Amino acid sequence: MVERKKKTNNEIIRLKNVAKWYKAGDEIVKAVDGVDIVINKGDFVAIVGPSGSGKSTAMNLVGALDIATKGDIFLDNINIEKLHESDLAQIRGRKIGFVFQTFNLIPTLTALENVTLPMIFQRVPYEERVARAKELLTKVGLDHRLTHLPNMLSGGERQRVAVARALANDPEVILADEPTGNLDTKRGEEVAQMFNKLSDEGKTIILVTHDMYVAKHADRIYKLKDGKIENKSGRK
Amino acid sequence: MIQDYFRLGFNNLRRRKLRSWLTMIGIFIGIAAVVSLISLGQGLQTAVTAQFATLSTDKLTIQNAGTGMGPPGSTAVEKLNDDDLKLIENTVGVELVIPRLLRMVKLEYNNAAKFTFATSVLEDKEKADLGYDALAIKTKEGRLIYSGDSGKVVLGQDLVKKSVFDKEVKVGKTIKIQGQEFEVAGILKKSGNFQVNGIVLLMEEDLKNILEIGDEWDLIVAQVEEPKEIKEVAEKIKRNLRRDRDLGEDDDDDFSVETPLEAVGAVTDIINSVNIVVVGIALISLIVGGIGIANTMYTSVIERKKEIGTMKAIGAKNSDVLSIFLIESGLLGLVGGIIGVLIGVGLSFGAASAANSALGIRIISVEVNFLLIISAILFSFLIGIFAGLIPSVQASKLRPVDALRG
């Protein structure tokens, strides 16, 4: 692997004693229980752990999709736990790009339209967003699939559309929740390498996975168990 | 921005084609019913008003009960007679009375036959003219008949056409009525009143002779001295007739005295009440259609939870999701409305032309009101939006993390 040069001194995400508890019947489930993480701009971080370890919950909290029971989450020095839903929507739209295990493309929209969708919510003018979407789809190697609907695409292609969509508003952070979970090893490897490439371009990447082979693409791996960070290991 | 949402909504409706169509059926039945019936009703009203436009406001029509909507004279048990005529003539406020016979006769010409109505022309010149005036009769060819014109007839416009006897009837020709020969003295100008277009005018004596009628009349037109007092005069005539016929307090009138406006009013009332009933039914259909839209939108929200979560994850605010879903349900109403209008306009033209060809004359014309169409479409769009309101609010308020779980 090529050694990456990164600025590691400016932080983009900080989790301070973050916890997320659920009530399941009479029992309180501590999905995330006192997590402290600092992620700097340009970092490629993997969060691994068995299912039920709280890694997806942690990612939902970082991605402003969910609200923590306690603790603070800072995104670009803004405490997102104190924000209103419409501000959170703006933050998700501008600063974060999501990649999901099940791709989550809108089935009625073509590849091109799916990629333009996040820009519609940011009121980007039509010509600009179409040009940008074409550029991104070309970047992920799908310039010949612009007018295809998701069901006409293979799993790997769908996930590449999803990556292009995540990049639409040029966010600083890419959050990927088991992005290779529904792909075979080869396609999974391709998608993982795509993250490496994005990392090289300076994007901050947080990858949630249970697959250690995929996690090894990251610079740092956090292991989560029972809602707590077990250890942190660097990629060597 | 908003057009993007319209495109999104339209895409979604197209994806669920069958469900969208089924949902819209309620709306387009309602709208089609409203549009076609209002268009036809207006056309019908215009036609009816035209029928009565020839009647002036200073004349009363007296008929025997039982004649009703059917051809006068055809069903009445007891006919009006000369005694009645005198009684009416002597009623205070009546200036002049014009009795009239109106009977079905058989016309023969060029070895073909046709049944139509014949009416009588009085011997008295003044009364004959008043009779003509009352029906706004004018000739196109030839002349009208008066005293001394026995053996001559005047024919309505529709009777002389080549299509009727396979040969055009011209002035001076001989035509058979009830087997007796008559000379055609004149042909009438086309009238707005379709009864006039198909009428045969004969001298009173001629008509009585060929039909072997004695002392009887089908209707009596009474001209009043003061048009303002027409109602009072009508009451007096009623009272006189009741007394003459020895009707007790509990007995119903066995005759009718109608002012022309009452006659128009009666028909208009019928049309209006039919309209009200039909519009009521159409409104119920629209409400059911709205409930259908609400149901579809609820299902849609449940089915597309994950999609809603995804949209929120990629930056959609609650208001964006709300707009997208509202526009989608509005579109269901809008498209349903547009199709409904098209069906409704088509239906009313179809019904009108069917009625016209059955009557053999262009009497009912469809009046498509532009305002009606625009408001019908707008209304259906609003029904869609209204029906989709609660499901859309529900969709917009979903928490992203819950929605993403699907």
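Residues numbered from 1 in each chain as written. Chains lettered and ligands numbered in written order. Predicted model: local features only at pLDDT ≥ 70, side-chain atom pairs only at ≥ 80, totals over all residues.

A. Seen up close, the overall build of chain B. Check the secondary structure of chain B and you find 13 helices and 11 strands. Dimensions of chain B, computed from C-alpha atoms along their principal axes, come out at roughly 100 × 55 × 30 Å. For chain B, the residues scored as buried account for 43% of the 406 residues in total. For chain B, restricting intrachain contacts to residue pairs at least 6 apart in sequence, the fraction spanning at least 24 positions comes to 82%. (Helix = DSSP H or I, 4+ residues; strand = E, 2+ residues; numbered from the N terminus. Buried ≥ 20, exposed ≤ 12 C-beta atoms within 10 Å, placed from the backbone. Contact = placed C-beta atoms within 7 Å.)

B. How the structure looks around the overall build of chain A. Each helix and strand in chain A was counted, giving 7 helices and 10 strands. The C-alpha radius of gyration of chain A comes to 17 Å, within 12% of the 18 Å expected for a compact globule of 236 residues. When its C-alpha atoms are laid out on the principal axes, chain A stretches across 50 × 40 × 40 Å. Within chain A, contacts between residues separated by at least 24 positions form 69% of all contacts whose residues are at least 6 apart in sequence. (Rg over C-alpha atoms; globule rule 2.2 N^0.38 Å.)

C. Expanded view of the pairing of strand β11 (residues 255-258) of chain B. Residue and element names in this part refer to chain B. Here β11 shows a clear split, with Phe255 and Val257 buried on one side and none of Ser256 and Glu258 buried on the other. Where strand β1 (residues 59-64) lies against β11, 4 bridges are found, and the strand directions are antiparallel. For asparagine 64, the partnering residue across the bridge sits in β11 and is phenylalanine 255. (Pairing = 2+ DSSP bridges.)

D. Molecular detail of the environment of Tyr146(B). All names here are of chain B. With respect to the element layout, tyrosine 146 can be found in the loop between β5 (139-142) and β6 (152-155). Residues tyrosine 146 and valine 121, spaced 25 residues apart in sequence, show a C-alpha to C-alpha distance of 7.3 Å. Setting aside its immediate chain neighbours within four residues, tyrosine 146 contacts Lys125 and Ala128.

E. Geometry of unusual backbone geometry. All names here are of chain A. Positive phi, close to 55°, is recorded for arginine 123, a residue that is not glycine. Mapped onto the fold, arginine 123 is located in the loop between α3 (111-121) and α4 (126-139). On the basis of neighbour counts, which here come to 9 C-beta atoms within 10 Å, the residue arginine 123 falls in the exposed class. Positioned with a positive phi, aspartate 170 is a non-glycine residue whose angle comes to about 50°.

F. Quick look at the sheet that holds strand β2 (residues 27-40) of chain A. Residues and elements named next belong to chain A. The strand order across the open sheet built from 4 strands is β2-β1-β4-β5, with neighbouring strands paired in antiparallel fashion. The open sheet has two edge strands with one neighbour each: β2 and β5 (78-79). The strands touched by helix α1 (residues 55-62) are β1 (11-24), β2 and β4 (70-75); relative to β2, the strand with the most contacts, the crossing angle is about 60°. (Axes fitted to C-alpha atoms, helices over the stretch in contact; angles between N-to-C directions.)

G. A look at the packing of α3(A) against helix α5 (residues 155-166) of chain A. All names here are of chain A. Look at α3 against α5: their axes get within 8 Å of each other, and the N-to-C directions meet at 30°. As summarised for this structure, α3 and α5 are arranged roughly parallel, according to the angle between their axes. Here α3 runs over α5; the crossing is right-handed. Across the interface between the two elements, Ala111, Asn114, Val115, Leu117 and Pro118 from α3 touch Val161, Ala164 and Arg165 from α5. Taken together, the residues of the contact of α3 with α5 sort by class into 6 nonpolar, 1 polar and 1 charged. (Parallel < 35°, antiparallel > 145°, perpendicular 65-115°, else oblique. Left-handed = near helix turned anticlockwise from the far one by under 90°. Nonpolar A, V, L, I, M, F, W, Y, C, P; charged D, E, K, R; others polar.)

H. Region of interest: the sheet that holds β11(B). Residues and elements named next belong to chain B. A sheet is described by the order of its strands in space; here 4 strands give the open sequence β2-β10-β1-β11, paired in antiparallel fashion. With partners counted over all chains shown, the strands left at the sheet margins are β2 (94-100) and β11, one partner each. Between one strand axis and the next, the sheet turns by 20° as a mean value, whatever way the strands run. Taken strand by strand, helix α4 (residues 125-134) contacts β1, β2 and β10 (219-224), and its axis lies near 80° from that of β2.

I. Focus on the domain arrangement of chain B. In terms of domains, chain B is made up of domain 1 (2-51 + 264-401) and domain 2 (56-259). Between the C-alpha centres of domain 1 of chain B and domain 2 of chain B there is a distance of 49 Å. (Domains from an automatic or database assignment.)

J. Structural detail: the nonpolar core. Ranked by internal contacts, the top residues of the largest apolar core, which has 123 residues, are Val45(A), Ile47(A), Ile206(A) and Leu207(A). A total of 14 residues in this core trace back to one element, the largest contributor, which is helix α2 (residues 17-53) of chain B. Not counting residues within four places of it along the chain, the set of residues in contact with Ile47(A) comprises Lys55(A), Ala58(A), Met59(A), Ile206(A), Val208(A), Tyr222(A) and Leu224(A). In this structure, Ala118(B), Val160(B), Val164(B) and Leu201(B) belong to the second largest nonpolar core, which totals 50 residues. (Core = buried A, V, L, I, M, F, W, Y, C linked by C-beta atoms within 7 Å.)

K. Structural context of the interface of chain B and chain A. Listed by partner, the interface residues are 19 residues for chain B and 22 residues for chain A. Elements with a minimum of two residues in the side of chain B that touches chain A: α1 (2-15), α10 (305-313), α11 (318-359) and α13 (400-405) of chain B. Element by element, the count of residues in the side of chain B that touches chain A is highest for α10(B), at 5 residues. The class makeup of the residues in the side of chain B that touches chain A is 7 nonpolar, 5 polar and 7 charged.

L. View of the packing of α5(A) against helix α6 (residues 185-200) of chain A. Residues and elements named next belong to chain A. Running from N to C, α5 and α6 point in directions that differ by 15°, and their axes come no closer than 10 Å. Relative to α6, α5 is oriented roughly parallel. Crossing angle aside, the handedness with which α5 passes α6 is right-handed. Listed contacts from α6 to Gly155, Gly156, Gln159 and Val163 of α5 are Arg187, Glu190, Val191 and Met194.

M. View of α3(A). Buried residues dominate α3(A), accounting for 11 of its 11 residues. Three or more residues of α3(A) are buried, namely Ala111(A), Leu112(A), Glu113(A), Asn114(A), Val115(A), Thr116(A), Leu117(A), Pro118(A), Met119(A), Ile120(A) and Phe121(A). Looking at the packing, one finds that the buried side of α3(A) touches α2 (85-95), α4 and α5 of chain A together with α1 and α11 of chain B. Count one or two residues on from α3(A) and you reach Arg123(A), which has phi positive near 55°.

N. The arrangement of the confidence of the model for chain B in detail. All names here are of chain B. Taken residue by residue, chain B gives an average pLDDT of 85. The fraction at 70 or more is 94%. Element-level pLDDT for chain B is lowest in helix α6 (residues 194-197), with a mean of 79, against a maximum mean of 94 in α10. Interface confidence for the predicted complex, given as ipTM, is 0.91, next to a pTM of 0.70. (pLDDT = per-residue confidence, 0-100.)

O. Highlighting the environment of Gly63(A). Residues and elements named next belong to chain A. Within the fold, glycine 63 resides in the loop between α1 and β4. In this structure glycine 63 comes out as buried when scored by C-beta crowding, with 26 C-beta atoms within 10 Å. Separated by 46 residues in sequence, glycine 63 and asparagine 17 place their C-alpha atoms 16 Å apart.

P. Examining the environment of Asp211(A) more closely. Residues and elements named next belong to chain A. Mapped onto the elements, aspartate 211 comes out in the loop between β8 (204-209) and α7 (212-215). With 16 C-beta atoms packed within 10 Å, aspartate 211 lands in the partly exposed category. Measuring from C-alpha to C-alpha, the distance between aspartate 211 and glycine 181 comes to 8.3 Å, with 30 residues separating the pair along the chain.

Q. Summary view of helix α12 (residues 370-396) of chain B. Here α12(B) spans 37 Å end to end across 27 residues, near enough to the 39 Å set by a 1.5 Å rise per residue. If you look at α12(B), its biggest bend is around 50°, right at Leu389(B), and the proline Pro391(B) turns up within four residues after that. (Expected span 1.5 Å × (residues − 1). Bend = angle between axes of the 7 residues up to and from the residue.)

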